[in-house]
Amino acid sequence: MPFGAHKGYALSLFFSLMGGLAGEFNAELTSMAGLFMQVYDVAAFTPLEGYQSNVRAVLDAMKSIPPAPGFDEVLVPGDFEHRSRQQRLAEGIEVPAETFARIEAWAKKLNVSLTEE
């Protein structure tokens, strides 16, 4: 069941169909590919600082809810990605040897240095 029950289902279907506007439909396979991006200028509706403060308050309230049994904390969208980014910035990104060998081969072919300079 998608988030938000029937309303969540309708929203996900709507955004999927909107993504098809800039992509392609395959009616035979009942599939589509595309991208839909919606951008808002928050400041056109309300002062940005106040909005950011309100969003932070809502997210903090959500995170303060006791987690479900078997979980350590409540996560909000972006938490996992933020932690992953911080870890990768600190520790680097592990690249499988086969993949790195391909990168090295293409770097050599294209005369691109893999060193920091």
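Residues numbered from 1 in each chain as written. Predicted model: local features only at pLDDT ≥ 70, side-chain atom pairs only at ≥ 80, totals over all residues. Heavy atoms only, no water.

Asks: Can you walk me through the overall build of the protein in this structure?
Replies: Of regular secondary structure, the protein possesses four helices and two strands. Counting from the amino terminus, the protein carries its helices and strands in the arrangement α-β-β-α-α-α. Taken against the 2.2 N^0.38 rule, which gives 13 Å for 117 residues, the C-alpha radius of gyration of the protein at 22 Å runs more than 25% over that of a compact globule. Based on the C-alpha atoms only, the size of the protein along its principal axes is roughly 50 × 45 × 40 Å. Across the 117 residues that make up the protein, the buried fraction comes to 6%. Relative to all contacts within the protein whose residues are 6 or more apart in sequence, the contacts with residues 24 or more apart total 0%. A total accessible area of about 10800 Å² is found for the protein, and carbon and sulfur atoms account for 61% of it. Averaged over its 9 positive side-chain charges, the protein has a centre that lies 2 Å from the centre of its 15 negative ones. (Helix = DSSP H or I, 4+ residues; strand = E, 2+ residues; numbered from the N terminus. Rg over C-alpha atoms; globule rule 2.2 N^0.38 Å. Buried < 20%, exposed > 50% of the residue type's maximum accessible area, 1.4 Å probe, protein only. Contact = heavy atoms within 4.5 Å. Areas by Shrake-Rupley, 256 points an atom, 1.4 Å probe, with all protein chains shown as cover. Lys, Arg positive; Asp, Glu negative; His and termini not counted. Charge placed at Lys NZ, Arg CZ, Asp CG, Glu CD.)

Asks: Please explain the pattern of salt bridges as it appears in this structure.
Replies: Pairing between side chains of opposite charge can happen when their charged atoms approach one another. Counted under the stated rule, the structure contains five salt bridges. Between Asp60 and Arg56 there is a salt bridge, with its nearest N and O atoms 3.1 Å apart. One end of the pair, Asp60, and the other, Arg56, are both in helix H2 (residues 48–63), four residues apart, so they sit about a helical turn from each other. Accessibility expressed as a relative area gives 40% for Asp60, which makes it partly exposed. Exposure remark for Arg56: the relative accessible area of 44% places this residue in the partly exposed category. In this structure, Arg83 and Glu73 form a salt bridge, with 2.7 Å as the shortest nitrogen-oxygen distance. Here the residue Arg83 occupies a position in helix H3 (residues 79–91), and Glu73 occupies one in the loop between H2 and H3, the gap between them amounting to ten residues. (Salt bridge = Lys/Arg side-chain N within 4 Å of Asp/Glu carboxyl O.)

Asks: What should I look at first to understand the packing of aromatic side chains in this one?
Replies: The description of an aromatic ring pair rests on the distance of the ring centres and on the angle between the ring planes. Evaluated as defined, the whole model comprises three aromatic pairs. A centroid spacing of 5.5 Å and a plane angle of 40 degrees characterise the contact between Phe15 and Phe36, whose relative ring orientation is tilted. Taken together, the residues span a long stretch of sequence, with Phe15 in helix H1 (residues 5–19) and Phe36 in the loop between strand S2 (31–33) and H2 at a distance of 21 residues. Judged by its relative accessible area of 36%, Phe15 is partly exposed. Judged by centre distance (6.5 Å) and plane angle (70 degrees), the rings of Tyr40 and Phe45 are edge-to-face. Phe45 matches Tyr40 in its accessibility class, with the two residues each being exposed. Members of the aromatic cluster, joined through ring pairs, are Phe14, Phe15 and Phe36. It is Lys109 that lies over the ring of Trp106; its NZ or CZ is 4.3 Å from the centre. (Phe/Tyr/Trp six-rings, centres within 6.5 Å; stacked < 30°, edge-to-face > 60°. Lys NZ or Arg CZ within 6 Å of the ring centre and 35° of its normal.)

Asks: Before we go on, may I ask you to explain the side chain of Asp79 in this structure?
Replies: Along the chain, Asp79 turns up in helix H3. Residue Asp79 is classed as buried on the basis of its relative accessible area of 16%. Within the structure, the side chain of Asp79 is placed 2.7 Å from the side chain of Lys63, a separation counted as a polar contact. From its side chain, Asp79 meets the backbone nitrogen of Val76 in a polar contact 2.9 Å long. (Polar contact = N/O pair within 3.5 Å; in protein donor to acceptor, adjacent residues only side chain to side chain.)

Spatial relationships are all this shows, so hold off on functional conclusions.
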